Amino acid sequence: MDALKNIILTKIEELLTISSPKGRFETINNRKWYGLSFCQEGQITYLYNGKEFVSDKNHAIFLPKGKSYSLRGDKKGTFPVINFSAENFPCDEFMLIPISDTDVFLHDFEQMKALSLFDRNRAKVISLFYEIIHRLTLQQGASLGIIDLILNYIEKNYGDIFLSNLSLAEKFGISEVYLRKLFSKNLGITPKQYILDTRITRAKQLLSEGALKISDVAEECGFSNQYHFCRIFKEKTGVTPTDYGKENRIYKI
């Protein structure tokens, strides 16, 4: 991520471990510093500009300086936070980064916290911060390929009627919010729309071949029943599955 590659740390302001109860609701006005938060356990949702950003064990989250926002405690938990000042860091919104091993970052945080008790360790604390940033940059780079993995999975499993945002998020260890963000950024549509488009494309192929009944096409393409399939198909194509099959029949010699 470009925003992380050029960051210049000027000062570690605070190293805190926040205990957040379930049901907590709080409003933060004009945040004083940038923040980097990890989740040891639990879940917090940040609400900013009509968007939700979920902090959990699968994500590190950068908190923007100078912004006002709300947060709610979805699950009781513990959240280590590094508050810092920096230059050349264009973080004007919450920034979520998927992470595969939270424990590594928690270990670095605890080291920073212990070392920060003595001024003579300032250089080592700064060094550990940059190690964390470097590791997050690598994690972000690895996550860039996750959209291809998700698309391949959808293409192989579009016939599963239980395929959904939730099942995809759980399969790939990410939040539903981040899943939607991936699709919006890379494809300009929602995961739900992509799944539906994939099903309709496959249905067109099967209808053109004419080997299956309408009910079988619906089942093959992951629709819960024939009625639902016919309604969605006409909405998407302007014609019924029966008419589409007649007009686009592929005759094989």
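1. Regarding the side chain of T45
Phase 1 of the analysis: Position of T45 relative to the elements: it lies in strand β4 (residues 41-48).
Phase 2 of the analysis: Classification of T45 by relative accessible area gives buried; the value is 2%.
Phase 3 of the analysis: A polar side-chain atom of T45 sits 2.4 Å from a polar atom in the side chain of D74.
Phase 4 of the analysis: Ignoring anything within four residues of it in the chain, the contact list for T45 reads E52, F53, V54, S70, L71, R72 and D74.

2. A short note on the pairing of strand β7 (residues 69-87)
Phase 1 of the analysis: Counted residue by residue, β7 has 14 buried out of 19 residues, so it is predominantly covered.
Phase 2 of the analysis: Sheet topology note: the strand β1 (residues 8-20)/β7 ladder contains eleven bridges and is antiparallel. Looking at β7, one finds that S20 is bridged to G77.
Phase 3 of the analysis: Both strand β2 (residues 25-28) and β7 contribute to a ladder of four bridges, which runs antiparallel. Across the sheet, E26 pairs through a bridge with L71, a residue of β7.
Phase 4 of the analysis: As paired strands, β4 and β7 are joined by six bridges and run antiparallel to one another.

3. Re the side chain of H59
Phase 1 of the analysis: Tracing the chain through its elements places H59 in strand β6 (residues 59-63).
Phase 2 of the analysis: A polar side-chain atom of H59 sits 2.8 Å from a polar atom in the side chain of D56.
Phase 3 of the analysis: Once residues lying within four places of it in the same chain are set aside, the contact partners of H59 are V54, L96, I97, P98, I99, I174, S175 and Y178.

4. So, the packing of aromatic side chains
Phase 1 of the analysis: A full pass over the atoms with the stated rule returns 18 aromatic pairs.
Phase 2 of the analysis: Put simply, the rings of Y34, F62, F84, F89, F129 and Y130 pair up and form one aromatic cluster.
Phase 3 of the analysis: Cation over ring: R120 sits above F118, and NZ or CZ is 4.7 Å from the ring centre.
Phase 4 of the analysis: We note R135 situated over the ring of F105; from NZ or CZ to the ring centre the distance is 5.5 Å.

Rules and cut-offs
- Residues numbered from 1 in each chain as written.
- Predicted model: local features only at pLDDT ≥ 70, side-chain atom pairs only at ≥ 80, totals over all residues.
- Heavy atoms only, no water.
- Helix = DSSP H or I, 4+ residues; strand = E, 2+ residues; numbered from the N terminus.
- Buried < 20%, exposed > 50% of the residue type's maximum accessible area, 1.4 Å probe, protein only.
- Polar contact = N/O pair within 3.5 Å; in protein donor to acceptor, adjacent residues only side chain to side chain.
- Contact = heavy atoms within 4.5 Å.
- Pairing = 2+ DSSP bridges.
- Phe/Tyr/Trp six-rings, centres within 6.5 Å; stacked < 30°, edge-to-face > 60°.
- Lys NZ or Arg CZ within 6 Å of the ring centre and 35° of its normal.

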